[in-house]
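Per-entry structural report
Now for the letters of each chain:
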Amino acid sequence: MKLRIAKVPGDGIGPEVVREAVKAVNAVCAKFGHSAEYTLAYVGACAIDRYGDAYPEESHRICMDSDAVLFGAVGDPKYDNDPASKVRPEQGLLAIRKRLGLYANIRPVETFESLLYKSPLKEELVRGADFVCIRELTGGMYFGEKGRRDNGDTAFDTNVYHRYEIERILKLAFEYSGRRRHHLTVVDKANVLETSRLWRQAAQEMEASYPDVKTDYMYVDNASMQLIRCPKFFDVIVTENTFGDILTDEASCISGSMGLLASASIGEHTSLFEPIHGSYPQAAGKNIANPLAAILSAAMMFEYSFGLMKEGEAIRKAVSASIEAGVVTEDLAREGERAYSTSEVGDWVAKHI
Ligand code: IPM
Ligand code: MN
């Protein structure tokens, strides 16, 4: 198969981890007889520097014309402490999600036996935890009307959800649960928010069409507690954009390092694959960032965009092997053991594939 991939390294450690993900993709292609063709596109601070726009038209065209987007991270501290700044790197990420219609963000949380000790939670709570967060990605407060009034002294972000936006992601979540352990948790704040009441109403109406899925409902405050009290309770979680943003950062530390969490964003146009860790500017250019989340995102790309399951599995196996062999970056290295660089880990994984 010929894979046309838009390569979007972005900012911070993005270019370093995407480089390693590309090595893994090329190794898989060599092994299984595929060919990958990459087109570079700029999104984020690097795009602002070049085009004055965090998601330039040219980048959009490249993404639309590709079969999949392999994404690094966006963000640059030079914009973080300037609330007056008109352009921000994050706008690039929001724009690419919106314009590609990527309404579902799928973030799996798995644990690795040899890393259990790295988790801030007790090993017995974490061992065997295995769940997926499905976050709505193009609606809610992120995209509702926002602004200032009263000379700037009043600010608002509107949380809006239309029924079709809720139903399409719930459908995806019900179906996903049906392929896993048949347990769906709908997370909302229906005791307070009208948008959440519409979410819950829609989910309750759809439940009957998925009799093999056990559906339960949980308020987001309680869910944030249950995630660390008993992560094994969960199989599939579905929730709105803002809640999903917060809960997935919380969930990402369960497994021991945020540097392991991959994600797929899917919807109307080209799907996008991205590590959840962000641009980590302090580590940029140092060849120390953990590339495994980006490499695992490439595994999701094979599975979701191309339906190539064996290829995805080959990457996952190599990643697990690198962890078992202790070929890991400093965030995962055991005390007293040597930490490998970003590119050494990537080379090892590619060779193992
Ligand atoms: C994420 C990030 C983004 C978000 C930021 C960078 C805009 O935190 O992907 O979770 O809030 O969605
Ligand atoms: Mn986030």
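Structure's up top.
A brief structural summary. (Residues numbered from 1 in each chain as written. Chains lettered and ligands numbered in written order. Predicted model: local features only at pLDDT ≥ 70, side-chain atom pairs only at ≥ 80, totals over all residues. Heavy atoms only, no water.)

Nonpolar side chains tend toward joint burial in soluble globular proteins. Ranked by internal contacts, the top residues of the largest apolar core, which has 88 residues, are Ile-134 and Ile-315. With ten residues, the top contributor of residues to this core is helix α11 (residues 292-306). The residues that make up this core include at least three from each of domain 1 (1-105 + 257-353) and domain 2 (120-255). If we ignore the near neighbours within four places in the chain, the residues touching Ile-315 are Ala-24, Val-28, Ile-295, Ala-298, Ala-299, Phe-302 and Ile-353. By size, the runner-up hydrophobic cluster in this structure holds 15 residues, among which are Val-43, Ile-62, Cys-63 and Val-69. (Core = buried A, V, L, I, M, F, W, Y, C linked by side-chain atoms within 4.5 Å. Buried < 20%, exposed > 50% of the residue type's maximum accessible area, 1.4 Å probe, protein only. Helix = DSSP H or I, 4+ residues; strand = E, 2+ residues; numbered from the N terminus. Domains from an automatic or database assignment. Contact = heavy atoms within 4.5 Å.)

Tracing the sequence through the fold places Glu-303 in helix α11. A polar atom in the side chain of Glu-303 sits 2.7 Å from the side chain of Arg-316. Not counting residues within four places of it along the chain, the set of residues in contact with Glu-303 comprises Leu-308, Met-309, Gly-312, Glu-313 and Arg-316. (Polar contact = N/O pair within 3.5 Å; in protein donor to acceptor, adjacent residues only side chain to side chain.)

Right, let's talk about the environment of Ser-35 for a bit. Tracing the sequence through the fold places Ser-35 in strand β2 (residues 35-40). Note: C-alpha distance between Ser-35 and Thr-158 (123 residues apart in sequence) is 45 Å. Every residue in contact with Ser-35, bar those within four places of it in the chain, is listed here: Met-1, Lys-2, Leu-3 and Cys-29.

Where helix α1 (residues 14-32) contacts helix α12 (residues 309-324), the axes come no closer than 10 Å and their chain directions differ by 130°. The angle between the axes of α1 and α12 places the two elements in the oblique class. Classified by chirality, the crossing of α12 by α1 is right-handed. Residues Ala-24, Val-28 and Phe-32 of α1 lie in contact with α12, whose contacting residues are Lys-310, Glu-311, Ala-314 and Ile-315. (Axes fitted to C-alpha atoms, helices over the stretch in contact; angles between N-to-C directions. Parallel < 35°, antiparallel > 145°, perpendicular 65-115°, else oblique. Left-handed = near helix turned anticlockwise from the far one by under 90°.)

What follows covers the packing of aromatic side chains. In total, this model carries five aromatic pairs according to the counting rule given. Where Tyr-42 meets Tyr-51, the ring centres are 6.4 Å apart and the plane angle is 50°; that geometry is what we call tilted. Classification of Tyr-42 as partly exposed rests on a relative accessible area of 21%. We classify Tyr-51 as partly exposed; its relative accessible area is 36%. When the ring of Tyr-161 is compared with that of Trp-199, the centres are 5.3 Å apart and the planes differ by 85°; the resulting orientation is edge-to-face. One end of the pair, Tyr-161, is in the loop between β7 (154-157) and α7 (163-178); the other, Trp-199, is in helix α8 (residues 194-207), and 38 residues separate them in sequence. Residue classification places Tyr-161 among the buried positions, given a relative accessible area of 7%. Classification of Trp-199 by relative accessible area gives buried; the value is 2%. These aromatic residues form a ring-pair network of at least three members: Phe-131, Phe-233 and Phe-234. Above the ring of Tyr-142, the side-chain terminus of Arg-135 is found at 5.3 Å from the ring centroid. (Phe/Tyr/Trp six-rings, centres within 6.5 Å; stacked < 30°, edge-to-face > 60°. Lys NZ or Arg CZ within 6 Å of the ring centre and 35° of its normal.)

Turning our attention to the sheet that holds β2. Pairing is mixed across the open sheet formed by ten strands, whose spatial order is β2-β1-β3-β12-β11-β4-β5-β10-β8-β9. On the outer flanks of this sheet lie β2 and β9 (214-219), each paired with one strand and no other. Sheet twist, expressed as the mean angle between neighbouring strand axes with direction ignored, is 25°. Bridging between strand β3 (residues 68-73) and strand β12 (residues 271-275) involves three bridges; their strand directions are parallel. Bridging from a neighbouring strand, Leu-70 pairs with Phe-273 of β12. Lying over the sheet, helix α9 (residues 220-229) contacts β5 (130-136), β8 (183-188), β9 and β10 (236-239), oriented at roughly 105° with respect to β9. (Pairing = 2+ DSSP bridges.)

Looking now at the site of ligand 1. Around ligand 1 sit Glu-90, Leu-93, Arg-97, Arg-107, Arg-135, Tyr-142 and Asp-245, and that is every residue in its neighbourhood. A distance of 2.7 Å separates an oxygen atom of ligand 1 from a polar atom in the side chain of Arg-97. When ligand 1 sits alone it has 320 Å² of accessible area, and the protein chains cover 76% of it. In terms of residues, the shell around ligand 1 owes the most to one element, helix α5 (residues 89-99), which gives three residues. A breakdown of the residues in the shell around ligand 1 according to their chemical character gives two nonpolar, no polar and five charged. Inspection of the shell around ligand 1 shows a minimum of three residues originating in each of domain 1 (1-105 + 257-353) and domain 2 (120-255). (Near = heavy atom within 4 Å. Areas by Shrake-Rupley, 256 points an atom, 1.4 Å probe, with all protein chains shown as cover. Nonpolar A, V, L, I, M, F, W, Y, C, P; charged D, E, K, R; others polar.)

It is a general feature of regular strands that their side chains alternate between the two faces of the sheet. A large share of strand β11 (residues 262-266) lies buried, amounting to five of its five residues. Burial along β11 is two-sided: the face carrying Ala-262, Ala-264 and Ile-266 and the face carrying Ser-263 and Ser-265 are both buried. As judged from the three bridges shared by strand β4 (residues 104-110) and β11, these two strands associate in the antiparallel manner. Across the sheet, Ala-104 pairs through a bridge with Ile-266, a residue of β11. Here four bridges tie β11 to β12, and the two strands are oriented antiparallel to one another. In the sheet register, Ser-263 faces β12, and the bridge partner there is Glu-274.

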